[in-house]
Amino acid sequence: MVSSFPWLSLLWLLPMAGAVVVIVLPPGWRGFAKWFGLMMAVAVLAGGVVITAGFDTDGATYQFTESHSWIPAFGAGYTLGVDGIAVVLVLLTAVLVPLLMLAGWNDGDNAGERSRGPHGYVALTLTVESMVLISLVSLDVLLFYVFFEAMLIPMYFLIGGFGDGAHRSRAAVKFLLYNLFGGLIMLAAVIGVYVVTAQHGSGTFDFREVVALFSRGSLGVDPAVFKALFLGFMFAFAVKAPLWPFHRWLPDAAVESTPATAVLMMAVMDKVGTFGMLRYCLQLFPDASTYFRPLIVVLAVISVVYGAVVAIGQTDIMRLIAYTSISHFGFIILGIFVMTTQGQSGSTLYMVNHGLSTAAVFLIAGFLIARRGTRSISAFGGVQKVAPVLAGTFLVAALATLSLPGLAPFISEFLVLIGTFNRYWLAAAFGATALVLSSIYMLWLYQRVMTGPVRDGNERIRDLVPRELIVVAPLIALLLLLGFYPKPLLEIINPAVGNTMATINQQDPVPAAPERAAQLQEQRTAEGPHR
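Residues numbered from 1 in each chain as written. Predicted model: local features only at pLDDT ≥ 70, side-chain atom pairs only at ≥ 80, totals over all residues. Heavy atoms only, no water.

Points about the overall build of the protein chain
1) Next: Secondary structure summary: the protein chain contains 22 helices and 2 strands in total.
2) Next: Since a compact globule built from 531 residues should have a radius of gyration of about 24 Å, the 24 Å found for the protein chain is in line with a globular shape.
3) Next: Counting only C-alpha atoms, the protein chain reaches 75 × 75 × 40 Å along its principal axes.
4) Next: Expressed as a percentage of its 531 residues, the buried residues of the protein chain come to 59%.
5) Next: At a minimum sequence separation of 6, the contacts of the protein chain that also span at least 24 residues come to 82%.
6) Next: For the protein chain, the distance from the average site of its 30 positive side-chain charges to the average site of its 29 negative ones is 9 Å. (Helix = DSSP H or I, 4+ residues; strand = E, 2+ residues; numbered from the N terminus. Rg over C-alpha atoms; globule rule 2.2 N^0.38 Å. Buried < 20%, exposed > 50% of the residue type's maximum accessible area, 1.4 Å probe, protein only. Contact = heavy atoms within 4.5 Å. Lys, Arg positive; Asp, Glu negative; His and termini not counted. Charge placed at Lys NZ, Arg CZ, Asp CG, Glu CD.)

Encoded structure:
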C-alpha cells in the first residue's frame, strides 16, 4: 500500500531522535535517561505493530512506500518500502529492543564518565535500532549501504565501552575490522552496480529499477561482472551473518559484551546480513546466485555442523551459546540458497525465531552469571533447587534452541530441511545431524548448570526478580505461540518469498519419488503375466 503518512520514516527517526535527546540530558538525570529510552523503544514497537497490522498480504510487493530525491546526480534517492520479509524483521527488532533495554537496565551504571554511563548506553542502543530499521526498509542500494556500515560504530562502542569482559576492547576492534573490511568490498560492488546501470542509461541506485534492468538480460554485460558484483555483496553479508569461515569475530564479541548487547548484535543487527542475502544477492544477481549456490550451500552446512560441534566442547556458558548462533545462521543461509519456497520461507521465519530463542537463552544465562560472577560451567550446579523459575525458563529457552517440536524454531528448521532435501538431499542429511548435536550441547549444559547438588557458592543465587520476569515472560510466550501457530507470520512471509522466487526465475523441484514409484508400478504391471 502507498500510505500518505510517512510511517517508515517515523519508525527509524524515533529512536534516532531519542538517542540525541538522551545524550544531551544532564549527567545527573541517569534514571530519566533510562526511562526515556525505554519509552522511545516502546513507541517504536507501537509503530512496528501498526505497520505489521496495516500490511496487506494480497497487496503490492512493497508497501508504505516513500520516495524523495537525495543525490540526483548519482541516481540515489531516499526510497523506503517494506515487503513481507522486511515487515517481520522490523517487528522482531521493535519487540526485542524494549526488552533489551529492561534486561540491560544497569549495564551503563559502571561504565564511568568516559562513556557517560547510562546516557551513552541508552543512546547507542537506540542508534543501533534506528540504523537496523532503516536498513530493513530501504529500497535504495546506496542508502542501505550507508546505514549497513554506520551501525558498526555504535555497536563498536557498546562492546568496547560497556562490555563485561576483560578483553572487550580487543573484541570490539576485531568486530569492527572484520565488518569494515567486508563493507569496503561491498562498497566496490555498490559502485559497480551504479556503473553498470549508468552505461545503459541514467545510473541509479533504486533497488526496484536495478532489479528490472538486470532481469531483462539486455544490458550486454559480461556474466563475470555480475559474478564479481555478487561476491562483493555476499562477502559483506557473510561476515555480518556470520558464515563459516568468516565467523571468527562473533564468539569474542558476544562473550565480551553485556548479555543485552550480545543479543542486540546476534538477534537484531546480524539479521541484516541474512536479509541482505535474500534481497540483494538473490534479486540483483539471480544467475550469479545460482552459479555460486553449491559453494554457499556447502559453507552453510559446514557452519551448521561446525557451530554445533564446537559448542559441545565449550567450558564458558556464553561462548557455548555464541557458537550455537553460528550453527543457526548456517541453517538460515542454507534455506536461502537452496532456492526453494519452503527453504526461503523457513529461513525468514527462522530469523524471527532465532532472535526470540537466542534472546531468551542468552539473557537468562546473563542473569545467572551476574548473580554468580563467573561464566565457567564448572562453577555451577544445583541452580534449579535455589532458583527454580530461572532454571525452568532457561530449560524452555534451551529446548527452543534445540528446536523441540511445539516451540517456535522447530517449524522454521523443519521447513529449511524440507526445502533443502527437495534440491540437495545430502546437504539436508548433514544439516539434520545438528538436531542431535544441539540436543547434546544444550541438555548437557542444563544438566551441568541446573541439576545435581548445590555447589559451593550457588546457595545464595536469587531467583528472577520482577524486572527480569517482565523481560523473559514475553519471549517464552512468543516461543510457545509461534511454535503452535506460526500461520500469521507465514501469511506475511510467503507472498514476498513467492516474489523473490519469481524474480530469480526459480521453481520448486518436483519430487522424484512419485515418478519413480509410477515407473516401478508400470514395470510390475508389464512383468506380471510372465511370472
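The rest of the description comes next.
Observations regarding helix α21 (residues 487-503)
1) Next: Over its 17 residues, α21 runs 24 Å from end to end, which matches the ideal 24 Å to within 8%, given 1.5 Å per residue.
2) Next: The largest bend along α21 reaches roughly 25° and is located at I493, with the proline P495 sitting one to four residues downstream.
3) Next: Residues of α21 that are buried include every one of L489, L490, I492, I493, A496, V497, T500 and M501, and no others.
4) Next: Downstream of α21 by one or two residues, N505 has phi in the positive range, about 55°. (Expected span 1.5 Å × (residues − 1). Bend = angle between axes of the 7 residues up to and from the residue.)

So, the packing of aromatic side chains
1) Next: Under the definition given, this model contains 28 aromatic pairs.
2) Next: Centre to centre, the rings of F144 and F237 are 6.0 Å apart; their planes meet at 70°, and the pair counts as edge-to-face. Separated by 93 residues along the polypeptide, F144 in helix α5 (residues 141-150) and F237 in helix α9 (residues 223-240) bring together distant segments of the chain. An identical accessibility class is assigned to F144 and F237; each is buried.
3) Next: One aromatic cluster in this structure is built from Y62, F144, F148, F207, F226, F233, F237, Y280 and F285.
4) Next: Against the face of Y291 rests K227, its NZ or CZ located 3.6 Å from the ring centre. (Phe/Tyr/Trp six-rings, centres within 6.5 Å; stacked < 30°, edge-to-face > 60°. Lys NZ or Arg CZ within 6 Å of the ring centre and 35° of its normal.)

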